[in-house]
Each structure stands twice: as C-alpha cells, then as structure tokens.
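Observations on chain architecture
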Amino acid sequence: MSDKFHDIYRQTDPEGFPEENPLVDVFSDGAPSNEPSAAEKQDGEEITLEARDYRPIRRSRTGRTGCLGGLMYAVFVIAVSMLLAAGGWLAACDVLALNKEDVSATVYLPADIFTEETRDITDDEGNVTGTQTVTVADIDYVASALKDADIIQYKTIFKLFAQISHADLKIDPGTYVLTTELDYRALVKNMQVGTASMVETTITFPEGYTMAQIFEKLEEEGVCSVEDLYDAAANFSYSFRFLEDAEPGDASRLEGFIFPNTYDFYQGEQASSVINKFLTALHSRITADMWVQIENRGTTFREIVTVASMIEKEAANDDERALIASVIYNRLNAGIELAIDSTILYVHPEYTGGANLPEEYLTEDSPYNTRLYAGLPPTPICNPGMASINAALQPASTNYYYYALDTGTGTHRFFTNSAEFEAFVATQDYN
C-alpha cells in the first residue's frame, strides 16, 4: 500500500515530494507511518484516504482562451480587415469612378440652394487679410441630388470630398447632364456655368414682347424663375452706356432694352446672366453713328427706345415705321397728346378685344394714357427690334399728325389734319 501511495504521488508531482507533507511522514526506510495524522481525523474518527485525494488542485481556467479561442479571434480580425478593405475599395471606386455601371442623368440645382456668405481672406501664411462675399452651394442638397440620380453611391464621402476641395464655392445653379464616368473632381467641375454638361435651351423672342412676356417665357422653358428675373432686373448692376440713367431699384428700368432675338440659355441659369445676354445683344448693335444721331437730336437713348416701342406696337409693316415715327415727333413738337392706344394697353395686358378700347381705359388716369397726358409714356411699352429703333432715329419727313388702320388692307392711312382723319375713321368698323 505504501508503494502504491508513493507511485501515485510521483505521477501527480514527478518533481518529488515537498519538504513537508502533512499527510506522510517519511522514515529512514522510506515507509509511511501507519498512524493517522490530525488531517486524517475528523471529530475523533479516522478517515481512510484514497489515492485521488492526493492529486494536486488544478489551475484556474480564468484568462485562458485556448487554441479554439485564439483561432476564432484571428478569424474575426481577418473578417473585419476584409470588410474594411472591401468598404475602402467600394468607396475608392465611387470617388474615382471605377467599375461603375454606366448611368447618365439630369441633375437640377435650383438657385435657391445657393446663399451668400462672408468669408475670411487669408494669405499664404494663414493670416486673415480681409473678407469677401461668396456664393455657396448647399452641398447636402447637391449630394442628395447626385445620389438620387445614381451618379454617386456615398453621400457622406462626397460631402467630405466637397469640404476638403471647397466644392461649395465652385458649383453653380443650373441643369446638368452627368454620368458615372465622371469622378468626384470632374463632377464638381462639370456642375459649373459654361461647361458641356449644362443643358441648353434655344428660345426665340419676337419683337414687341414686353419684359413680362419674356420673363414668363423664360420660366416656362425652365431657364429661371420670373421672381429671380425681376429681382435681377431691378437690383443687379449692368455696365452699359445706354443704362447710365437707369437707377437700380425698379425692374421697369430695363423695359425696352431686353433685345428680341434667338438665344441659347442654360436651364437653371442665373437670372443676371440671362438678362445680361439680352443687354449685350442690344449693345453689340448700337453703332458709333447711332450715338451721334442721338446727340444731334438732343435726346437720350431711352427716349429713342420709348418711341421705337410705340412704333413696334403700331406699325403693320416695315414701310410704315418711319411714317409713324414722323407722326410721333410731329405731335411731340406741337405739344399734342400722342393718343396712341397701345400705351394704355401696356397696363392692361389681359385685354384681347378689338381696336375700340373700353371707355374706362380711354379715360383712365394713368401716365401711360397718352390721350390724357402729353409727351412720352414713363417707359417703353415693349422691347423693339432694330427696324423700329432705326425708324425712331431716322423718321420720315412729313406733315402727318394722324394715322388710322384701314381694316380692308390691314395697313395704316396717314393724314395731315383731323377732319380727314375723322372722316376716314367713320368709314371703318373697328369692332
């Protein structure tokens, strides 16, 4: 029994016995004592010890992962790394326009997502040297528009790119045709006025349109809103000689100068840019000789355009323009009211009746009622073409003071006195 006990102990602790073992007394002959120790007694009773009772206590598993735990952790780390790598690759593909499905879409950026801000101007060393007012795009709106059109996949990444690259200062209002072939940098560059991505609209405006009619047409074609156009007409500063006497604050200052022609506009174009195209077209047609003629007549370009606007509304053909101009100037020089009914119709654009105007129109107390007030109306009554402007500059030399529409021919008859004029009118049915 003694040998079995020692063998079991050696198997459990091969390095040998401890110097002191409360369970075993070692004699010189190596045999254990048969007397039970205090540890072998309980309440005075002897306890028989089994071999298993001498096995050492096992160490705690706390803090140990084992091979399986380590493997699982390694798999987790690898999986996370792969996900991050895959996400980074997808993000890079979106930024750089790599491996993207071919998509082409129209993206509209309205003017009302752009605001003016005052920002600091810094030098190369980062010192603030002043401030400037800039137009800033709402990048959150831009990113949403691009995402909704499937041009980009990640709004957050685009917004981060826009913040780093100051894209909010580079993007302009407008309608753009964009594709997934464009990387982020190219997208920003193509959302600017004048780029090939902007959608163009060609519109023809006939002579005789009022500013209101032109602005409404521009809004209908998606170029810009009537509200923005009136605001730009009233408040924007335009550098043209023929507008030197036009003080900002009233949109009517540009009536007569929105030159009728065929134009190409960008959809969503800024209103001031749109108006500038009309004004530039008129400016390009005014020659040095025309300015000399204006000075020789002792008048202003605005007065010439006002006369031309009435000619535009009254003339049935080009041959009549210079004759009507002569009647206007003859009556002005004589101090006679012009009595041109198209001037009062300027404030009644809704009227679609015949040549005989309602009595309330003819007696209306308005500066545009040239039956009541002598001289020119306050503004041009439409936007005339060059034929009428030239007729206003070079009227025919006549003694005519009256003209009336011949309903049979659709042209006008001209008279030197009121008796002949009234006798002819009595023969016509203007209803």
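Scroll up to find the structure this text is about.
Let us look at the structure shown here. (Residues numbered from 1 in each chain as written. Predicted model: local features only at pLDDT ≥ 70, side-chain atom pairs only at ≥ 80, totals over all residues. Heavy atoms only, no water.)

Moving on, we come to the overall build of the chain. Of regular secondary structure, the chain possesses 15 helices and 10 strands. In the chain, buried positions account for 38% of the 431 residues. Considering only contacts in the chain between residues 6 or more positions apart, those separated by 24 or more positions represent 58%. Just so you have it, the chain exposes about 25,200 Å², and 49% of that area is on carbon and sulfur atoms. (Helix = DSSP H or I, 4+ residues; strand = E, 2+ residues; numbered from the N terminus. Buried < 20%, exposed > 50% of the residue type's maximum accessible area, 1.4 Å probe, protein only. Contact = heavy atoms within 4.5 Å. Areas by Shrake-Rupley, 256 points an atom, 1.4 Å probe, with all protein chains shown as cover.)

Another point: the pairing of strand 7 (residues 200–204). The alternating pattern of strand 7 places Thr201 and Ile203 on a buried face and Glu200, Thr202 and Thr204 on a face that is not buried. Two elements, strand 7 and strand 8 (residues 262–266), share 5 bridges in a ladder whose sense is antiparallel. Bridging across to strand 8, threonine 201 finds its partner in phenylalanine 265. (Pairing = 2+ DSSP bridges.)

For the rest of this paragraph, the subject is helix 10 (residues 301–314). The end-to-end C-alpha separation of helix 10 is 20 Å, in line with the 20 Å expected for 14 residues at 1.5 Å each. Counted residue by residue, helix 10 has 12 buried out of 14 residues, so it is predominantly covered. Phe301, Arg302, Ile304, Val305, Thr306, Val307, Ala308, Ser309, Met310, Ile311, Glu312 and Glu314 are the residues of helix 10 that are buried. (Expected span 1.5 Å × (residues − 1).)

Turning our eyes to something else, we now look at the packing of helix 7 (residues 226–235) against helix 8 (residues 271–283). Between helix 7 and helix 8, whose axes approach to 8 Å, the crossing angle comes to 65°. As for the relative orientation of helix 7 and helix 8, their crossing is right-handed in sense. Here helix 7 contributes Asp228, Leu229, Ala232 and Ala233 to the contact with helix 8, which in turn contributes Ala271, Ser272, Val274 and Ile275. Here the residues of the contact of helix 7 with helix 8 sort into 6 nonpolar, 1 polar and 1 charged. (Axes fitted to C-alpha atoms, helices over the stretch in contact; angles between N-to-C directions. Left-handed = near helix turned anticlockwise from the far one by under 90°. Nonpolar A, V, L, I, M, F, W, Y, C, P; charged D, E, K, R; others polar.)

Moving on to a nonpolar patch on the surface. The grouping of Trp89, Leu90, Leu96, Leu98 and Tyr154 at the surface amounts to a nonpolar patch, some 470 Å² of accessible area in total. Examined against the element boundaries, leucine 98 turns out to sit in the loop between helix 2 (66–96) and strand 3 (104–109). (Patch = residues over 30% accessible without salt bridge, like charges linked within 9 Å, V, L, I, M, F, W, Y side chains within 5 Å. Salt bridge = Lys/Arg side-chain N within 4 Å of Asp/Glu carboxyl O.)

Moving on, we get to a negative patch on the surface. On the surface, a cluster of negative charge is contributed by Asp112, Glu216, Glu219, Glu220, Glu227, Asp228 and Asp231. Those elements that provide at least two residues to the negative patch are helix 6 (211–220) and helix 7. With respect to the helices, strands and loops of the structure, glutamate 227 is situated in helix 7. Note on glutamate 227: relative accessible area 65%, which makes it exposed. (Lys, Arg positive; Asp, Glu negative; His and termini not counted. Charge placed at Lys NZ, Arg CZ, Asp CG, Glu CD.)

The next subject is the environment of isoleucine 389. Structurally, isoleucine 389 can be placed in helix 14 (residues 386–393). The spacing of isoleucine 389 and arginine 321 is 68 residues in sequence and 9.4 Å in space, taken between C-alpha atoms. Not counting chain neighbours up to four residues away, the residues in contact with isoleucine 389 comprise Leu282, Met290, Ile304, Ala308 and Pro384.

Quick look at the nonpolar core now. One finds Leu218, Phe242 and Ile275 to be the most contacted residues of the largest nonpolar core, which totals 61 residues. Among the secondary structure elements, those contributing two or more residues to this core are helix 6, helix 7, strand 8, helix 8, helix 9 (288–297), helix 10, helix 11 (318–334) and helix 14. Other than its neighbours up to four places away in sequence, leucine 218 contacts Ile203, Phe205, Val223, Cys224, Leu229, Phe265, Val274 and Phe278. By size, the runner-up hydrophobic cluster in this structure holds 27 residues, among which are Ile139, Ile152, Leu187 and Tyr266. (Core = buried A, V, L, I, M, F, W, Y, C linked by side-chain atoms within 4.5 Å.)

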